[in-house]
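Reading the structure
Given next are the chains, with one letter for each unit.
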Amino acid sequence: MKLGIVGLPNVGKSTLFNAITKAGALAENYPFCTIEPNVGVVPVPDKRLEKLAEMYKPEKVTPAFIEFVDIAGLVKGASKGEGLGNKFLSHIREVDAIVHVVRCFEDEDITHVEGSVDPIRDIEIINLELIFADLESLEKQMVKVQKMAKGGDKHSTEKLQIMEYIKENLEKGIPVRSLTFSEEQQDFVRQLFLLTSKPVIYAANISEKDVGNAQDSPLVKKVVEYAQNENAQVVVICAKLEEEIAQLDNEEKQMFLQEMGLESSGLDKLVSACYSLLGLISFLTAGPKEVRAWTIKKGTKAPQAAGKIHSDFERGFIKAEVIPYDTLVAVGSYTAAKEKGLVRSEGKDYVIQDGDVVLFRFNV
Ligand code: GDP
């Protein structure tokens, strides 16, 4: 699961991306190996891990991670090949969701490519480029489907209808993500790989002086209003501050946030929002060796969740011993929970829930 960071030049993308890579560098136990230079990996904040670590005193604690790709270079005219145009559009094609950074900070020393700070105009410039790119791609795909429809293929006629509907809306400036489809249609729409079908979070980048009273910023208000019309979320960040916070260790970070009167960092909020935007949840495993959070899509059944840990776990799946995190913490220990019969035994049709603490039993 990857999120692409997009936005006009000079809105704070690199600053945010730096914050991400710095925060990621502290996550020394990232369980995957090679990371591309334009990819940043950050831990998903999860207070439950700390609590389980107190309980189990494990050798290590491994959070879930989420990946961000820095997609710089998207400018006005990108869909017509301006700037590094099409190359960047193809990078967006590979991500699961988009973080659209919008400049909401005033700073006379930092030029704005469009001459003034106007987040809605900026959003529309980028959205329009993505819509243009989608129209081009859709029209190409329609030619093929039209041929098949002429040949008498009934499915193609249905497909063509959906494509026409999407095209009409794109022409009105409406992104595919704002349209509603039946489940069946959705499968087809997914196969069109359109950029505007990807879910979006707007990251409103505010100036340092607005931290703490961001809700009063007229620029932020405009972005929130715009996003509401699209059913999209807004996360307020101050990229510059996030870059500084990301260099602190956990204790320093907590102190700093407390001083600023903040509950969590903007980056943590962004990561959590992205996680739920992608429909992701975490189940937990706990033992003396490791306490760990594992990422799954909402709706994943026990054997497939086991497969996230090891393919053998899925193949030889027998059952899952499950206790919700809250119950485990309330009882105080796994042994006590077992004695009280609170650890459930679940079979292959069980849908894993967020915060389930799970022990898989399997045949080798
Ligand atoms: P990009 O082109 O979108 O990657 O933008 P950059 O991250 O390079 O930022 C452009 C300029 O804006 C840099 O000089 C940053 O230091 C500055 N900048 C980014 N975020 C903030 C912010 O939150 N507050 C202020 N005052 N400046 C920022």
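Predicted model only: the values in this text are computed from it and were never measured.

**So, the overall build of the protein**
Scanning the protein for helices and strands turns up 14 helices and 12 strands. With respect to the three principal axes, the spread of C-alpha positions in the protein is 65 × 60 × 35 Å. Buried residues in the protein amount to 33% of all 364 residues. Sequence-distant contacts in the protein: of pairs separated by 6 or more residues, those separated by 24 or more amount to 69%.

**Comments concerning the packing of helix α4 (residues 119-150) against helix α5 (residues 154-171)**
Remark: α4 packs on α5, axes separated minimally by 10 Å, with the N-to-C direction vectors making an angle of 160°. Relative to α5, the element α4 is oriented roughly antiparallel. Regarding α4 and α5, the two cross each other, and that crossing is left-handed. Between α4, through I131, D134, L135, L138, M142, V145, Q146, M148 and A149, and α5, the contact on the second element is made entirely by S156, T157, K159, L160, M163, I166, K167 and L170.

**Things to note about the nonpolar core**
Counting 61 residues, the largest nonpolar core has L16, V102, Y202, A203, A204, V223 and L267 as the members making the most contacts within it. Counting residues domain by domain, this core receives three or more from each of domain 1 (2-43 + 62-114 + 199-277) and domain 2 (137-196). Look past the residues within four positions of L16 in its chain and what remains in contact with it is I5, V101, A203, I237, A239 and E242.

**Comments concerning the sheet that holds strand β6 (residues 200-205)**
The strands making up a sheet associate through backbone hydrogen bonding, with each pair oriented either parallel or antiparallel. A sheet is described by the order of its strands in space; here six strands give the open sequence β2-β4-β1-β5-β6-β7, paired in mixed fashion. Whereas interior strands pair on both sides, the edge strands pair on one side only; in this sheet they are β2 (39-43) and β7 (233-237). Going from strand to strand, the sheet's axes swing by 30° on average, the running direction of each strand aside. In terms of strand pairing, strand β5 (residues 97-103) meets β6 through six bridges, oriented parallel. Note that in β6 the partner of R103 across the bridge is N205. Across the face of the sheet, helix α7 (residues 218-229) comes into contact with β5, β6 and β7 while running at roughly 160° to β7. On the sheet, helix α10 (residues 266-277) packs against β1 (2-6), β2, β4 (65-70), β5, β6 and β7 and is oriented at approximately 160° with respect to β7.

**Focus: α7**
The end-to-end C-alpha distance of α7, which contains 12 residues, comes to 17 Å, matching closely the 16 Å that a straight helix rising 1.5 Å per residue would cover. Looking only at α7, the buried set comprises L219, V220, V223 and A227. Along the axis of α7, the buried residues cluster in a sector spanning 95°; they form a single face. Turned more than 90 degrees away from the buried face of α7, the exposed residues are P218, E225, Q228 and N229. Each element contacted by the buried residues of α7 is listed here: β5, α4, β6 and β7. Once α7 finishes, N231 follows within two positions and takes phi at roughly 60°, a positive value.

The rules behind these values
In this numbering scheme, every chain counts its residues from 1 along its sequence in written order. Restriction of local features to residues with pLDDT of at least 70 applies here, the model being predicted, together with a cutoff of 80 or more for giving and counting side-chain atom pairs; totals for whole chains, interfaces and linings are based on all residues. Secondary structure elements are defined from DSSP: runs of H or I of at least 4 residues count as helices, runs of E of at least 2 residues count as strands, and each element is numbered from the N terminus. Each residue is classed by its C-beta neighbour count within 10 Å, where at least 20 other C-beta atoms makes it buried, 12 or fewer makes it exposed, and intermediate counts make it partly exposed; the C-beta atoms are placed from backbone geometry. Contact between two residues is assigned whenever their backbone-derived C-beta positions fall within 7 Å. All axes here are fitted lines through C-alpha atoms, helices being fitted over the stretch that makes contact, and every angle between N-to-C directions spans 0 to 180 degrees. Throughout, the term roughly parallel applies to angles under 35 degrees, roughly antiparallel to angles over 145, roughly perpendicular to angles from 65 to 115, and oblique to all others. Throughout, a crossing is termed right-handed when the near helix is turned clockwise from the far one, and left-handed when it is turned anticlockwise from it by less than a right angle. Joined through C-beta atoms within 7 Å, a set of buried Ala, Val, Leu, Ile, Met, Phe, Trp, Tyr and Cys residues constitutes a nonpolar core. Note that domain bounds follow an automatic or database assignment of domains. Here a strand pair is declared whenever DSSP counts at least two bridges between the two strands. The span expected for a helix works out to 1.5 Å for each residue beyond the first. It is the directions from the helix axis to the C-beta atoms whose arc is reported.

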